[in-house]
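Here is how the chains run, residue by residue.
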Amino acid sequence: MSVTGTHRPDALGRFGQFGGRFVPETVMAALDELEAAMSDAFADPAFHAQRDALGRDFVGRPTPIYHAERLSEVVGGAQIWLKREDLNHTGAHKINNAVGQALIALRLGKRRIVAETGAGQHGVATATVCARFGLDAVVYMGAEDIRRQRPNVVRMGMLGAEVVPVTAGAGTLKDAMNEAIRDWIATVETTHYMIGSAAGPHPYPYLVRELQSLIGTEARAQMLGACRRLPDAVVACVGGGSNAIGLFHAFRDDPCRIVGVEAAGDGADLHAQSLAKGRVSILHGSRSYVLANEDGQVVETHSISAGLDYPGVGPEHAHLLATGRAEYLGESDADALAGFHRLCRLEGIIPALESSHALARAERVAREVGPGGIVLVGLSGRGDKDVDAIAAREGI
Amino acid sequence: MELKRPALVVYLMASSDAPDLAAAAVRGGATAIELGIPYSDPLADGPTIQRAAQRALDAGMTTAGAIAILAEINRRVDVPLVPMTYGAIVESFGLERFCAEAAAAGAEGLIVADVPPEESGALRAAASANGIDLIHLVAPTSREDRLQAAADASRGFVYLVAAMGTTGARESLDVRLDALIGRVRTAAGGTPVLAGFGISRPEQVAAILAAGADGVIVGSAAIDAADRGGAEALEVFVRNLASGLPA
């Protein structure tokens, strides 16, 4: 697989006015080193061969696209197709990034990995690749997320990772990311920060996009093979935005709608819609849209889905919004749950709560596009991790 | 900014008791005051300053409120005042408005912990237009080119990070500290070099000055002292630290 090389950030790591590097000086040199190692790796056929082999034999790629026929029929609009990232080893798209970053960490000679996790999927992916390559893994996870994503905490432990609970703030993804970055500031000479989303200081948003863009590259070719045409719309959920940018990237220059779906939470004041309702500020090393008050203090967010419960968003999504290339809409906890149940009952697929937000919006988009059209949805992960929390909530 | 050398800079968090604490610190021998403007997600700070920031925010502190505290401190003491905060805070307030209002309140310098030289162009212009010295940081990991860029971009003083990691008192400082002080000293030319992060004891102060630095910055340990025993304890703590300064 080759790097697309299109829509690169500028020399300061900016996508339009967004991105950049806003971090303490202590880690600036490490970002320079990472950028150099990334460029070397991307130019090295051996890196791509190694990554492709792991993708095929360890992760299970390529993942299929799947026509959700019964769901499409019930919705009564365009055909709904799913890009099945839920079928990846470890159950979500996060492993694509983790494999690539592990190979780069090895090239940097770093044997200790720190990461943050929200839903636990990136934590599990990190723990998995660290086990595979014999690296030490330390995963920061908010205390609230540890409570609501218990199965993934158990999996990380079994894989040999140290899970560090974070009680600061609301005990969710933002707080976990703060602590992962603080660990990295102290240990940067021996430690690689394996960020899980297309966020953070440059070069992370670009690096993660490049490592996830195979989702869209595969899906685009698969759609052309299966349908002889491109979809009318592509839809994916957006927390930090890694699965979405991975899917969207290949369709950037195509004449199709690009729809990102943020968590609308309770549908009123408690949500995680950084793009739709945030302001331009700085969080976790880059300039983007942030849910913050007028002083720049980050405010509390809410989503039923831990992976979308984040007050920031990757800078390239901010750029896609500002340029009008993509639209970013919200789906509430309740509507995401309804979408979750419909996919379970109609297609025999249990989706992650994060992906359920995309499914809920895809139903609306399919009706807007109408019969004869095609909507492609990023099914970013499977819902095994969520079944206990949903059962408890619904008294199942 | 005219810094007395050797400099002993004491960091306090903007809060209603900060003016009393600043006066106590100056009585104890502080030659400048660094005032933290709280931010919800301070990546460069360890537990002590994080807690102090959260306490301030919980008590309703705003950026405008912190600038008012700065003005009050300026009425109480006659040493240089240097606000310290994060990019999100100054950008949200507006770079020009922040620098103008901070300068009117008595700020002579400004430290923004997560805005490195390559991102600081507009901030530097706003600070300079308002007579504020923008201070950049150098770290044990900074290579020569970054070190020189930070030294060149800094006005007032260069802030040398004396320990890897976030702010907070610790037993030992970075093993490369002596060499680093020498490198920064050379790069900084006539600009003073002050070391901070991890410093809490007079013998650390003495060692840093002996290695060629022009002063030290003490934050978390000062906040701990004030938390334990208020202004009186802070004054005793600073006086003890000042005993590490050459007479």
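Computed from a predicted model, the values in this text were never measured in an experiment.

1. Topic: the overall build of chain B
Phase 1: Helices and strands together make up the secondary structure of chain B, namely ten helices and nine strands.
Phase 2: Radius of gyration (C-alpha) of chain B: 16 Å, near the 18 Å computed for a compact globule of 247 residues.
Phase 3: Expressed along its principal axes, the backbone C-alpha trace of chain B runs to roughly 45 × 40 × 30 Å.
Phase 4: With 247 residues in all, chain B has 64% of them scored as buried.
Phase 5: Pairs at least 24 apart in sequence give 70% of the contacts found in chain B among residues at least 6 apart.
Phase 6: By element, 51% of the accessible surface of chain B is carried by carbon and sulfur atoms, the whole surface being about 8600 Å².
Phase 7: Taken together, the 19 basic and 29 acidic charged side chains of chain B have centroids lying 3 Å from each other.

2. Notes on empty space enclosed by the protein
Residues and elements named next belong to chain A.
Phase 1: Following the criterion strictly, the structure yields nine cavities of 30 Å³ or more and no others.
Phase 2: By volume, the largest cavity is sized at about 320 Å³.
Phase 3: Of all the elements in the fold, those that place two or more residues in the lining of the largest cavity are β5 (112-117), α5 (121-133), α8 (173-187) and α11 (242-248).
Phase 4: Taken together, the residues of the lining of the largest cavity break down into nine nonpolar, 16 polar and four charged.
Phase 5: Counting residues domain by domain, the lining of the largest cavity receives three or more from each of domain 1 (14-49 + 93-209) and domain 2 (57-91 + 213-394).
Phase 6: Considering only enclosed or pocket space, the second largest cavity measures out at about 170 Å³ in volume.

3. Comments concerning the domain arrangement of chain A
Interfaces are often sized by the accessible area lost when the parts come together.
Residue and element names in this part refer to chain A.
Phase 1: Split by domain assignment, chain A resolves into domain 1 (14-49 + 93-209) and domain 2 (57-91 + 213-394).
Phase 2: Relative placement of domain 1 and domain 2: their C-alpha centres are 22 Å apart.
Phase 3: Each partner contributes to the interface: domain 1 provides 44 residues, whereas domain 2 provides 48 residues.
Phase 4: The largest per-residue losses of area from domain 1 upon contact with domain 2 belong to F18, H93 and R209, which jointly make up 23% of the total buried on that side.
Phase 5: At the boundary of domain 1 with domain 2, the tally comes to two salt bridges.
Phase 6: Note that E316 is salt-bridged to R209, the shortest N-O span being 2.8 Å.
Phase 7: Elements with a contribution of two residues or more to the side of domain 1 that touches domain 2: β1 (14-15), β2 (18-19), α4 (94-108), α5, α6 (143-148), α7 (150-158), α8 and α9 (204-212).

4. Comments concerning the sheet that holds strand β7 (residues 158-161) of chain B
Residues and elements named next belong to chain B.
Phase 1: Reading across from one edge, β5-β4-β3-β2-β1-β9-β8-β7-β6 is the order of the nine strands in this open sheet, with parallel pairing throughout. Lying at the two open borders of the sheet, with one neighbouring strand each, are β5 (133-135) and β6 (137-138).
Phase 2: Across two bridges, strand β3 (residues 81-85) lies against strand β4 (residues 109-112) in parallel orientation. The residue bridging M84 from the neighbouring strand is I111, located in β4.
Phase 3: Packing against the sheet, helix α10 (residues 220-242) makes contact with β1 (7-13) and β9 (215-218), and its axis sits at approximately 175° to β1.

5. Side note on the side chain of S154(B)
Residue and element names in this part refer to chain B.
Phase 1: With respect to the helices and strands, S154 occurs in the loop between α7 (144-153) and β7.
Phase 2: Separated by 2.9 Å, the side chain of S154 and the backbone nitrogen of H136 make a polar contact.
Phase 3: At 2.7 Å, the side chain of S154 forms a polar contact with the backbone oxygen of A150.
Phase 4: Not counting chain neighbours up to four residues away, the residues in contact with S154 comprise L134, I135, H136 and T191.

Here is what the cut-offs are and how they apply
Residues numbered from 1 in each chain as written. Chains lettered and ligands numbered in written order. Predicted model: local features only at pLDDT ≥ 70, side-chain atom pairs only at ≥ 80, totals over all residues. Heavy atoms only, no water. Helix = DSSP H or I, 4+ residues; strand = E, 2+ residues; numbered from the N terminus. Rg over C-alpha atoms; globule rule 2.2 N^0.38 Å. Buried < 20%, exposed > 50% of the residue type's maximum accessible area, 1.4 Å probe, protein only. Contact = heavy atoms within 4.5 Å. Areas by Shrake-Rupley, 256 points an atom, 1.4 Å probe, with all protein chains shown as cover. Lys, Arg positive; Asp, Glu negative; His and termini not counted. Charge placed at Lys NZ, Arg CZ, Asp CG, Glu CD. 1 Å grid on protein atoms, 1.4 Å probe; cavity = no way out; pocket = protein on both sides within 12 Å on 5 of 7 lines; lining within 4 Å. Points joined across faces, edges and corners; volume = space filled by probe spheres on them. Nonpolar A, V, L, I, M, F, W, Y, C, P; charged D, E, K, R; others polar. Domains from an automatic or database assignment. Buried area = accessible area lost by both parts, 1.4 Å probe. Salt bridge = Lys/Arg side-chain N within 4 Å of Asp/Glu carboxyl O. Pairing = 2+ DSSP bridges. Axes fitted to C-alpha atoms, helices over the stretch in contact; angles between N-to-C directions. Polar contact = N/O pair within 3.5 Å; in protein donor to acceptor, adjacent residues only side chain to side chain.

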